[in-house]
Amino acid sequence: MEKRTNKKLYVVSGSSGVGKGTVLKGFMAKHPDFMLSISCTTRSPREGEVDGENYFFLTKEDFQACINEDKFLEWAEFAGNFYGTKKKFIKECLDNGMNVILEIETNGALQVKKKMPEAVLIFITPPSLEALEARLRGRHTEDEETIQKRLNEVKKELECAKKYDYRVVNDNLDNAISELENIIAGEQEKC
Ligand code: ADP
Ligand code: 5GP
């Protein structure tokens, strides 16, 4: 039987501070053959973040030019900054037979699902809202105003989680990574 090669685009979302980056880092360490997409953003780099590795850090003008030139597969405004995924990058990876993971917020994820219904949407939830806030604060990367903006998004994001194909609770980190691995392995079986 001919091998199907769809279902290679995975979209991971979750509220700020839930641990998406940490879970995906654990996943990528075990699965280096997967490609983690590098997004564009207008937000300032955090300490230690490198342009071209964590994000492509763009000015608002450059980001707007990419919108005007229809360069994004999806883009959204989140907590006062713009974020977007370049079409070209994703297309090249998929054309080269790579499995791609996007770590993006919910509006962008739903745009991707609309354009590419074969994309698999995975939502990471916190064990509790208290734990989420503690993690966001404990990271010490945002000021109070930014933390509040991000916490304001949580209710809407959790509502959106119902539209995702899978939900993973990030309580114990190793369990969350294993659960993500199991979901992706199951989807890869279908390819
Ligand atoms: P996100 O990418 O979703 O914004 P991060 O990956 O930056 O979140 O994680 C936010 C904070 O929570 C970090 O300090 C991280 O070490 C911590 N963290 C992540 N997963 C867990 C977990 N399962 N239990 C406790 N702390 C966690
Ligand atoms: P952060 O500023 O914490 O890195 O990211 C803030 C939010 O933007 C997170 O929910 C993250 O998943 C999301 N995000 C990162 N890159 C993209 C992107 O390319 N598109 C969209 N829509 N969201 C993104």
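Summarised in this report is the structure supplied together with it. (Residues numbered from 1 in each chain as written. Chains lettered and ligands numbered in written order. Predicted model: local features only at pLDDT ≥ 70, side-chain atom pairs only at ≥ 80, totals over all residues. Heavy atoms only, no water.)

## Remarks on unusual backbone geometry
Here comes step 1: At Asp 70, a residue that is not glycine, the phi angle is positive and equals roughly 55 degrees.
Here comes step 2: Mapped onto the secondary structure, Asp 70 falls in the loop between α2 (60–68) and β5 (72–78).
Here comes step 3: Asp 70 gets classed as partly exposed once you look at its relative accessible area, which sits at 48%. (Helix = DSSP H or I, 4+ residues; strand = E, 2+ residues; numbered from the N terminus. Buried < 20%, exposed > 50% of the residue type's maximum accessible area, 1.4 Å probe, protein only.)

## Things to note about α2
Here comes step 1: Looking only at α2, the buried set comprises Phe 63, Cys 66 and Ile 67. Along the long axis of α2, the arc covered by the buried residues comes to 105 degrees, so they all point the same way. In α2, the exposed positions that point more than 90 degrees away from the buried face belong to Glu 61 and Asn 68.
Here comes step 2: One or two residues past the end of α2 sits Asp 70, with phi positive at roughly 55 degrees. (Arc of directions from axis to C-beta.)

## Points about the side chain of Arg 46
Here comes step 1: Tracing the backbone shows Arg 46 in the loop between β3 (39–41) and β4 (55–57).
Here comes step 2: A distance of 2.7 Å separates the side chain of Arg 46 from the side chain of Glu 142, its partner in a polar contact.
Here comes step 3: Ignoring sequence-local partners within four residues, the contact set of Arg 46 consists of Arg 139, Thr 141, Glu 142 and Arg 150. (Polar contact = N/O pair within 3.5 Å; in protein donor to acceptor, adjacent residues only side chain to side chain. Contact = heavy atoms within 4.5 Å.)

## Brief notes about the sheet that holds β4
Here comes step 1: Sheet architecture is open: four strands sit in the order β4-β3-β6-β5, paired in mixed fashion. Edge positions in the sheet fall to β4 and β5, since each has one partner strand and no second. Along the sheet, successive strands turn relative to each other by an average axial angle of 25 degrees, direction set aside.
Here comes step 2: Where β3 lies against strand β6 (residues 81–86), two bridges are found, and the strand directions are antiparallel. Looking at β6, one finds that Cys 40 is bridged to Gly 84.
Here comes step 3: The strands that α2 touches are β3, β5 and β6; relative to β5, the one it contacts most, it runs at about 135 degrees. (Pairing = 2+ DSSP bridges. Axes fitted to C-alpha atoms, helices over the stretch in contact; angles between N-to-C directions.)

## As for the sheet that holds strand β8 (residues 120–125)
Here comes step 1: Read from one edge of the open sheet, five strands run β2-β7-β1-β8-β9, paired in parallel fashion. Pairing within the sheet leaves two strands with one partner each, and these edge strands are β2 (34–36) and β9 (166–169). When strand polarity is set aside, the average angle formed by the axes of neighbouring strands in this sheet is 25 degrees.
Here comes step 2: The pairing of β2 with strand β7 (residues 99–103) spans three bridges and is classified as parallel. Bridged to Phe 34 within β7 is Asn 99.
Here comes step 3: The strands touched by helix α3 (residues 87–95) within the sheet are β1 (9–14), β2 and β7, with β7 carrying the most contacts at an inclination of about 150 degrees.
Here comes step 4: Where helix α8 (residues 173–189) meets the sheet, it contacts β1, β2, β7, β8 and β9, and its direction lies at approximately 160 degrees from that of β9.

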